[in-house]
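# Examining the three-dimensional arrangement
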Amino acid sequence: MIITKSWLSEFLSIEDIGVDNLCLAFNKIGLEVDRNIKIKAPDGVVIGKILECDKHPNADKLSVCKVDIGSEILQIVCGAKNVSINQYVAIATIGTLLPNGLEIKPVKLRDVDSSGMICSLEELGFNKIEDGIAVLDNSIGNLIVGKSLNDYNLFNDDLIEIELTANRGDCLSIYGIARELSSYFNIQLKPLVSYEEDENNLGIGRVLTVSHVGDIDSSLIYKIINFKNYNIPFVMKFRISQIGFEKISQAQTLINYVTHSTGVIIRGYKFDEIQNNSKVLLKISKNESGVDSIYYKDELISMIGLNQLKNYKCSDLNNSLIVFEMSYINPEFVSKKRFDYKIESDEIFYRTSRGSEPELKIGLDFLCNSLKSIEGVEIYGGTCELSREMESSTALGVSLSKINKIIGFEIEKLRVVSILQSLQFKVTIHSDDDSLIIGVPKYRHDLKNIQDIVEEIYRIYGVDNIKSSPIELIEKNKIDSSYLEYKKLKNIRYKAIGIGFYETITYLFSSKELLKKYQCDTIDDKLDLINPITHELNTLRSTLILNLIEAVSKNIKLNKKSVKFFEIGSVYNSCREEMKKIAFIYSGFEEDVSIINNGKPESISFYDFADKIQSVIGKFELREKHDMENSFIHPYQSADIIVNGKHIGYISKLNIFVQNDFELPQTFIAEISLDNIHDDIKITKNFSIYQANDRDLSFLIDSSMNYLQIKNEIESLIDNGLVDNIKEFYPIDIFKIDNLKNQISITIRFVLQSNSKTLDDEEINSNLNIIVKKLEEKFSIGLR
Amino acid sequence: MIEIYNITNLKSLDELRIKVLGKKGVLTNEFAKLKDLNEDERKKVAKELNELRDEFSEKLNLKKEILEKKEQEQLLQKDKIDVTLFSKKVELGAIHPVNYTLDRIVEYFVNMNFSIHTGPLIEDDFHNFEALNLPNYHPARDMQDTFYFKDSNLLRTHTSPVQIRTMLKQKPPIRMISPGAVFRRDFDLTHTPMFHQVEALVVEEGDKVSFANLKYILENFLTYMFGDVKVRFRPSFFPFTEPSAEVDISCIFCNGDGCRVCSHTGWLEVLGCGLVDENVFKAVGYKNVSGYAFGLGVERFAMLIHKISDLRSLFESDLRLLEQFK
Ligand SMILES: [Zn+2]
């Protein structure tokens, strides 16, 4: 909503209030100021009157003008097509600096002296209204030649744009804003002038009859005006351009001006029939969607508050009888209808859905007063009016003590009453001294309950004046599952950054085509997004890995040698079920080049990567992978991650082909479901005070075997008590033997320790022998 | 005696000790000769020899100590490095600035006895709009560009549906925050299709909760987040609160004098708040309760606090930005 100070001044005397104070007031009462700019014509530009205007002797497109600027008469050469004698125009005198940087100097144009410039609005730094020079009229004030242009309020003004919230339709007009300021500054609104009918004028009944069928939900007033030779006053055109309208018709300029000034919705119709002096018959009834509609010769020509058929919309005013229609309809009603029946609406709906001015007479008076006693304009006497039974304005009963409870701060009764009265509410104090009956004006359709009334009081009283106070609490334990979940994730995140991973956040979205290309799950088409933001983000991700690969790729292109990311986030399967996952990606060298690695950082192995993941999410077991859920996974260097017997994710070297697609160095990935990672409380065991012994045994095994089989066998021996004092065992070396095909050597370290004594060699060897024997029996493998 | 001075290592020192004090040492020999002398002479010579032996031993021990120290020093010296070569970057990763800010916010509210609630990112119309006093024809809906799915579900546009879900499950008192990702169909310099919010809700029986309470916690919270700033409340409108306000802090870049960041107003808008609208309570079946709610954008906080100028950079996984949070 754009307002200017000069425009506001037509409804409220605010000339003495500085623009900073105005903005402060707006912000305080809940009308947020978006921008505030000074509108000022440059110094040195004065009003001039063109006394003579002749063709330039040497140039067809130029005119030579004699211009009276009071102190002298200037000769100015002008190139505008619309220049003509007797016009009042803006003259930039010698020495004037225009906003575009041009300084006015005496010049010769095709051998004719020119001392000054007749300006267009753009040259003065204003919005364009029409081609050519600005032709002024006395709508800007008394035209005095030689008077500085910026001595007129219109050309020395402040423009303020307010970001209105959706509930404040009543502030969608200069009048509405003035009403608000009037209660804030406690200044009376200037009285609105009623239009007085001229009894000599022709009556509306000669040319128009309006009838209705059934009940209607809107209020309507019709007025007819005959335009013969009417020029839109300069001030109207200028202001309409200030509020952002460009190249609109005469009729639209007049209508928008009245609506922006008063908030009343106005439409203009033009019927050929009327022009021929026959009578027009308009019928109003509800259409099939239940919206009040205007019918002309059984044709629907407009729906109140929603739209209007182009055929009968007026554009030019002159030589026409125009039917003006002022209307009001309940905003909630019209919004519901529009939504329920998917009715198309035009620019009017922005206002009608937020609540336009219900007092139609304000608009009617404003329109007629702008046109009365102007030559070439004939206002027909009388109106056609239709209105539904307007319910008397809302009355709310509220208790003062309740108001103070809601605010949490005592505001005196007198202050409350005076605030409400300044907002044009009718306030009656009940005999019990605590209850107020508040009559809400019709234009505040948004006020329905005591909380709404509180809002009115506190915004005028000033939120800053309310003293803040803490709430008294009853102790309550807030450590619940979601708090523990939050702590668990936080713990994991901090562990991950401790070993060099960067946390990242990527969009929940992915490209369906890319997901499909890499054989990832995708959301069923029937469940997918209707309105994605771009094609590259046209579905929800089913994996975090694709986004992480893209993230790495960007950084590698920026010449990073080592990129490590993790992300915690939601992913979606084909049924669009949400799953929370954590994913890791490790690309390139272990670290950057530095003195520590002698300039030769190392690549990491699958085992290094797995070890890092383990140090973040806790102990797990790896099992050889059989089904590959996507083609990021390397079929020969990948594993399922198992915790407590449950499959919780996978870990893999990035498939070399994907690596090439994204031009990455060697990369490892892991994606793990968060549901099965637990931050268990650790239970300690007694630890032995006796010496532990290490024994390394090397076995020759078939290369088709994996370590897990051996591990399981040894564990079952331990679990069944067939061997004891084995504290732990783990592989420490593995290598291929050159002369033995398909055989590899694996060295396992056994740590033996007793809780009750120092073990001797015999005891150690007997335990190990049992293991060797069992492995030989089971897998036919022996010591090397 | 003089020989002691010339000795430079422990081994030769020990050899000298044996040469003098050993079983066949020079001094030992002299002591052995004592028995051949008469008593007077023996006494005199014995005294001289004792003094000589004591002096020798003392010198020897002193020298030994010096040599031992020297030897240790030489051993340690072998380890000498140029410590100033140290230039390696910290091998730590870093928490993402949005989550770092979120953690700080959560920490405040947990300490103020709020509980944390989370909910699904895919929501239905009822929880995201309808129950929040945003019926489908409401003009405020135009402001929220919503991502819709073909089965008419949607990506939540705020975390408020979590509050609705909590109120439907629990009875008052409620004192909760709902942090998480939200989605709006908007992508330009100052908008990303995904961002993060923390919304808070407090509900008590009766008329216990007032606007003054809301004002208190927000003033306290904003000082915790931004330091010594002024806090200003501007009346505003949200469909789910009444009365509503937008909250500004004095600009942390110019201390309120006016600069480019605050559009020369001296103020920065940081959150929205209000008392919960009775229609919201109606939608979840609460009667005779009072409450407040507020919501903030985590990215906005992170950008202001860490002086990050481009919102979109927060979602670009760019190490040039993220490395600065080590
Ligand atoms: Zn600033």
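Throughout what follows, the structure given in this document is the object of discussion. Values in this document were obtained by computation on a predicted structure and should not be read as measured data. (Residues numbered from 1 in each chain as written. Chains lettered and ligands numbered in written order. Predicted model: local features only at pLDDT ≥ 70, side-chain atom pairs only at ≥ 80, totals over all residues. Heavy atoms only, no water.)

## As for a nonpolar patch on the surface
Here is the rule we go by: Patch rule: a residue counts if its relative accessible area is over 30% and it has no salt bridge; like charges are joined within 9 Å, and nonpolar side chains (Val, Leu, Ile, Met, Phe, Trp, Tyr) within 5 Å. All accessibility values rest on the Shrake-Rupley procedure with a 1.4 Å probe; residue burial counts only the protein chains present in the view. Take a side-chain nitrogen of Lys or Arg and a carboxyl oxygen of Asp or Glu: if they are within 4 Å of each other, that pair is a salt bridge. Helix numbers and strand numbers start at the N terminus; a helix is a DSSP run of H or I with at least 4 residues, a strand a run of E with at least 2. The rule is simple: take the accessible area with a 1.4 Å probe, protein chains only, and divide by the maximum for that residue type; under 20% is buried, over 50% is exposed, in between is partly exposed.
Taken together, the side chains of Ile595 and Ile596 of chain A together with Leu85 of chain B define a hydrophobic patch exposed on the protein surface, amounting to about 270 Å² of accessible area. Position of isoleucine 595 of chain A relative to the elements: it lies in the loop between strand S29 (578–588) and helix H16 (606–617). Here isoleucine 595 of chain A falls in the partly exposed class, since its relative accessible area comes to 41%.

## Let's talk about the packing of aromatic side chains
Our working rule: Aromatic pairs are defined between Phe, Tyr and Trp rings, using the six-membered ring for Trp, whenever the two ring centres lie within 6.5 Å; interplanar angles under 30 degrees are classed as stacked, those over 60 as edge-to-face, and all others as tilted. In our convention, an over-ring charge means Lys NZ or Arg CZ found within 6 Å of a ring centre and within 35 degrees of that ring's normal.
Under the criterion given, the structure shown has 43 aromatic pairs over all chains. Pairing tyrosine 296 of chain A with tyrosine 312 of chain A gives two aromatic rings, centres 5.3 Å apart and planes at 80 degrees, and the pair type is edge-to-face. Placement of the pair is tyrosine 296 of chain A in strand S16 (residues 292–296) and tyrosine 312 of chain A in the loop between strand S18 (307–308) and strand S19 (320–328), with a sequence separation of 16 residues. Given a relative accessible area of 17%, tyrosine 312 of chain A falls into the buried group. Above the plane of the ring of tyrosine 443 of chain A lies arginine 179 of chain A, whose end atom (NZ or CZ) is 3.3 Å from the centre. Stacked on the ring of phenylalanine 149 of chain B, the Lys or Arg arginine 576 of chain A has its end atom at 4.5 Å from the ring centre.

## Notes on the nonpolar core
It is characteristic of soluble globular proteins that their nonpolar side chains tend to be buried jointly. The line we're drawing: In plain words, nonpolar cores are sets of buried Ala, Val, Leu, Ile, Met, Phe, Trp, Tyr and Cys residues tied together by side-chain atoms within 4.5 Å.
In this structure, Phe26 and Phe155 of chain A are the most contacted members of the largest nonpolar core, which totals 181 residues. For this core, the element with the most residues is helix H8 (residues 211–226) of chain B, which contributes nine residues. The next biggest cluster of nonpolar side chains, apart from the first, holds 31 residues, and it includes Val210, Tyr269, Val280 and Val323 of chain A.

## A few points about the packing of H8 of chain B against helix H10 (residues 298–306) of chain B
All names here are of chain B. Rule in force here: The angle between two axes is taken between their N-to-C directions and runs from 0 to 180 degrees, where each axis is a line fitted to C-alpha atoms and a helix contributes only its stretch in contact. Roughly parallel here means an angle under 35 degrees, roughly antiparallel means over 145, roughly perpendicular means 65 to 115, and every remaining angle is called oblique. By definition, residues are in contact when any of their heavy atoms lie within 4.5 Å. Ten residues, namely Ala, Val, Leu, Ile, Met, Phe, Trp, Tyr, Cys and Pro, are considered nonpolar, four, namely Asp, Glu, Lys and Arg, are considered charged, and the remaining ones, Gly among them, are considered polar.
Direction vectors running N to C along H8 and H10 enclose 45 degrees, while the axes themselves pass 11 Å from each other. One finds that H8 runs oblique with respect to H10. For the pair H8 and H10, the contacting residues are Phe221, Leu222, Met225 and Phe226 in the first and Phe301, Leu304 and Ile305 in the second. Here the residues of the contact of H8 with H10 are counted per class, giving seven nonpolar, no polar and no charged.

## Focus: helix H13 (residues 481–498) of chain A
Short version of the rule: Given the number of residues in a helix, its expected span is that number minus one, multiplied by 1.5 Å.
Compared with the 26 Å implied by 1.5 Å per residue over 18 residues, the 26 Å span of H13 of chain A between its first and last C-alpha is a close match. Three or more residues of H13 of chain A are buried, namely Ser482, Tyr483, Tyr486, Lys488, Leu489, Lys490, Ile492, Arg493, Ala496 and Ile497 of chain A. Of the surrounding secondary structure, the elements contacted by the buried residues of H13 of chain A are strand S25 (502–503), strand S28 (562–572), S29 and H16 of chain A together with helix H5 (97–111) and strand S1 (115–116) of chain B. One or two residues past the end of H13 of chain A sits glycine 500 of chain A, with phi positive at roughly 100 degrees.

## A short note on the coordination of the zinc ion
Geometry sets the ideal angles at a metal, namely 109.5 degrees for four tetrahedral donors and 90 or 180 degrees for six octahedral donors. Residue and element names in this part refer to chain B. Let me state the cut-off plainly: Note: metal donors comprise N, O and S atoms at 2.8 Å or less from the metal (3.2 Å for Na, K and Ca); water molecules are not included, so apparent gaps in a site are possible. Any coordination sphere not matching a tetrahedral pattern (four donors, all angles between 85 and 135 degrees) or a square planar or octahedral pattern (four or six donors, opposite donors over 155 degrees apart, other angles between 65 and 115) is reported as irregular.
Protein coordination at the zinc ion: the donors are Cys251 (SG), Cys254 (SG), Cys259 (SG) and Cys262 (SG), at 2.2 to 2.3 Å from the metal. Each of the four donor atoms bound to the zinc ion contributes to angles spanning 102 to 113 degrees, and the resulting shape is tetrahedral. Coordination of the zinc ion draws on donor residues from a single chain, spaced C-x2-C-x4-C-x2-C in sequence. Linking cysteine 251 in the loop between strand S7 (241–250) and strand S8 (267–276) with cysteine 262 in the loop between S7 and S8, this pair joins segments that are eleven residues apart in sequence. Taken individually, cysteine 251 and cysteine 262 each receive the classification buried, so the pair is uniform in this respect.

## Considerations on the side chain of glutamate 299 of chain B
Residues and elements named next belong to chain B. To be explicit about the condition: Positive charges come from Lys and Arg alone, negative charges from Asp and Glu alone, with His and the N- and C-terminal ends not counted. Here a polar contact is recorded for every N or O atom pair within 3.5 Å, except that within protein the pair must consist of a potential hydrogen donor and a potential acceptor, and residues adjacent in sequence are included only if both atoms are side-chain atoms.
Mapped onto the secondary structure, glutamate 299 falls in helix H10. Here glutamate 299 is buried and forms no salt bridge, its nearest opposite-charge partner arginine 300 lying at an N-O distance of 10 Å. Here the side chain of glutamate 299 touches histidine 196 through a polar contact of 2.7 Å, side chain to side chain. When near neighbours in sequence (up to four residues on either side) are disregarded, glutamate 299 contacts Val98, Phe195, His196, Leu311, Leu314 and Phe315.

## Here's the deal with the environment of serine 236 of chain B
Inspection of the secondary structure puts serine 236 of chain B in strand S6 (residues 231–238). With ten residues separating them along the chain, serine 236 of chain B and glutamate 246 of chain B place their C-alpha atoms 5.9 Å apart. Every residue in contact with serine 236 of chain B, bar those within four places of it in the chain, is listed here: Thr165 and Glu455 of chain A together with Ser244, Ala245 and Glu246 of chain B.

## With respect to the pattern of salt bridges
Opposite charge on two side chains lets them pair, provided their charged atoms get close. This structure, assessed with the given rule, holds 58 salt bridges over all chains. Among the charged side chains, a network of salt bridges with common partners joins Arg168, Asp170, Glu180, Arg444, Asp446, Glu456 and Arg459 of chain A.

## Digging into the packing of helix H2 (residues 10–21) of chain B against helix H3 (residues 26–33) of chain B
Residues and elements named next belong to chain B. With their axes 3 Å apart at the nearest point, H2 and H3 run at an angle of 10 degrees to one another. For the element pair H2 / H3, the angle class is roughly parallel. For the pair H2 and H3, the contacting residues are Lys19, Val20 and Leu21 in the first and Val26, Leu27 and Thr28 in the second.

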